[in-house]
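# Inside the fold
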Amino acid sequence: MSRIYNFSAGPAILPLEVLEQAQAELVDFCNSGMSIMEMSHRGKEYDAIHSEAVANLKELMQLNDNFDILLLQGGASLQFAMIPMNFLGADLAADYVNSGVWGSSAIKQARIIGKVNVVADTEKDVPTRLPDAAELHLNDNAAYLHITTNETISGAQWKHLPQNITASDVPLVADMSSDILSRPIDANCFSLIYAGAQKNLGPSGVTVVALRKDFAERESKNLPSMLRYSTHADTNSLYNTPPCYSIYILTLVTRWLKNFGLEKMFHQNVAKAAMLYNQIDSSGFYRGTAVKEYRSDMNVTFRLPTEELETDFIADAAKLGLKGIKGHRSVGGIRASIYNAFPVKGVETLVAFMAEFERRHG
Ligand SMILES: *Cc1c(COP(=O)(O)O)cnc(C)c1O
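How each quantity is defined
Residues numbered from 1 in each chain as written. Predicted model: local features only at pLDDT ≥ 70, side-chain atom pairs only at ≥ 80, totals over all residues. Heavy atoms only, no water. Domains from an automatic or database assignment. Contact = heavy atoms within 4.5 Å. Buried area = accessible area lost by both parts, 1.4 Å probe. Salt bridge = Lys/Arg side-chain N within 4 Å of Asp/Glu carboxyl O. Polar contact = N/O pair within 3.5 Å; in protein donor to acceptor, adjacent residues only side chain to side chain. Helix = DSSP H or I, 4+ residues; strand = E, 2+ residues; numbered from the N terminus. Near = heavy atom within 4 Å. Areas by Shrake-Rupley, 256 points an atom, 1.4 Å probe, with all protein chains shown as cover. Nonpolar A, V, L, I, M, F, W, Y, C, P; charged D, E, K, R; others polar. Pairing = 2+ DSSP bridges. Axes fitted to C-alpha atoms, helices over the stretch in contact; angles between N-to-C directions.

### Brief notes about the domain arrangement of the protein chain
Annotation of the protein chain at the domain level lists domain 1 (5-12 + 262-361) and domain 2 (17-259). Computed from C-alpha coordinates alone, the two centres of domain 1 and domain 2 are separated by 26 Å. Counting residues at the interface gives 27 residues for domain 1, matched by 27 residues for domain 2. Summing both sides of the interface, domain 1 and domain 2 together bury roughly 2,300 Å²; the carbon and sulfur share of this comes to 59%. Sorting the residues of domain 1 by area buried against domain 2 places Leu262, Tyr294 and Asn340 first, and these three jointly supply 31% of that buried surface. Between Asp297 and Lys159 there is a salt bridge whose closest N-O contact spans 3.5 Å. At the boundary of domain 1 and domain 2, one finds 15 residue pairs in polar contact (both at pLDDT 80 or more). If you list the elements that add at least two residues to the side of domain 1 that touches domain 2, you get α9 (262-281) and β12 (299-303). With 5 residues, α9 is the largest single contributor of residues to the side of domain 1 that touches domain 2.

This is the structure in structure tokens:
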């Protein structure tokens, strides 16, 4: 068996231990004589998996009983629509931060439903960054404030949320698809957190939503059942058939993370990112694309002096098993996504390759 170093932004690398356990349990799950993919979502085996996923997420996100954890489908993209459908009434406006491609995608969907105030816009800024407190023109009477904590494509992340965001009484809604559970957070300042699982939590097909109960009460009552949060909250996300296998892997990933420790994972993530940023900063050859203060610990984005060199860099890296480092097609350059499951050894290998490539071409 030869596993590559997979720097893909998503779907992304999973812990090898998790894949091996899934392999061992694939055809006969816990002496049930069947695979998880073949069994009822209302049976006792699946019920244990589902409950553990919810419990692990609650514990890792340090959520109190004011929150429900929902396991939904449709990706973060469906949340872009469901959030305004549920919480943006006809007479209200919502505040949105446009910090990049994902913030902008959320805004586009919300505008189909209702009124949006863009309270800060750094989408087109070069080098890339997120807005600071002074730039945010927040409205006290907004239905909610929507932010993206880590812009996966540009590689910009809020290390600490601006003070006026955390202090605001307006319900805070956050797309954390690409940095959820990469570090401890104070979840209690949020009203809704959502994340497609395929970056840092598991495979695609399941979307994690943490929803505060008092905010949930404001939902629109004029929506089909599947599009209402209460439908899923009232049924423990078992209103219809859930993506059982994706949730099973999510359970194994959250179990793995609990065993490792979230605080320890955070320190490892910071250390992994620092190795790459130090290599970038110590050279005149590589150029980071994000403002230092906003550099993402999850998606490390940088450029080489020319696009030709970038093409060679990607090809030579692939020969060493360093794959998935091509930047998003909309921005080009290099992007190394180094989520929780990405091994330290893989980062060290990339750093050594960067030094060697610079010696040859710098
Ligand atoms: C990947 C990503 C999305 C889109 O997720 P889907 O699950 O494919 O809909 C949205 N927001 C962020 C921050 C992402 O990284």
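### Quick word on the site of the ligand
Lining the immediate surroundings of the ligand are 13 residues, of which Ser77, Thr152, Asp175, Gln198 and Lys199 lie closest. The contact in question runs from an oxygen atom of the ligand to an N or O atom on the backbone of Ala76, over 3.0 Å. Between the ligand and Thr152 there is a distance of 2.4 Å, counted from an oxygen atom to a side-chain nitrogen or oxygen. In isolation the ligand offers 390 Å² of accessible surface; the protein chains occlude 87% of this area. For the shell around the ligand, the element with the most residues is helix α3 (residues 75-87), which contributes 4 residues. Its residues placed into classes, the shell around the ligand shows 3 nonpolar, 8 polar and 2 charged.

### Brief notes about the sheet that holds strand β10 (residues 207-212)
The strand order across the open sheet formed by 7 strands is β2-β10-β9-β8-β5-β3-β4, and the pairing between neighbours is mixed. Each edge of the open sheet is held by one strand with a lone partner, namely β2 (67-72) and β4 (115-121). The sheet shows a mean angle of 20° between the axes of neighbouring strands, direction not considered. Across 3 bridges, strand β8 (residues 172-175) lies against strand β9 (residues 192-196) in parallel orientation. Each residue of the ladder has a partner; that of Ala174, found in β9, is Ile193. Seen against the sheet, helix α2 (residues 44-60) touches β2 and β10 and runs at an angle of roughly 130° to β2. Each of β2, β3 (93-98), β8, β9 and β10 touches α3; the most contacted strand, β9, lies at about 155° to it.

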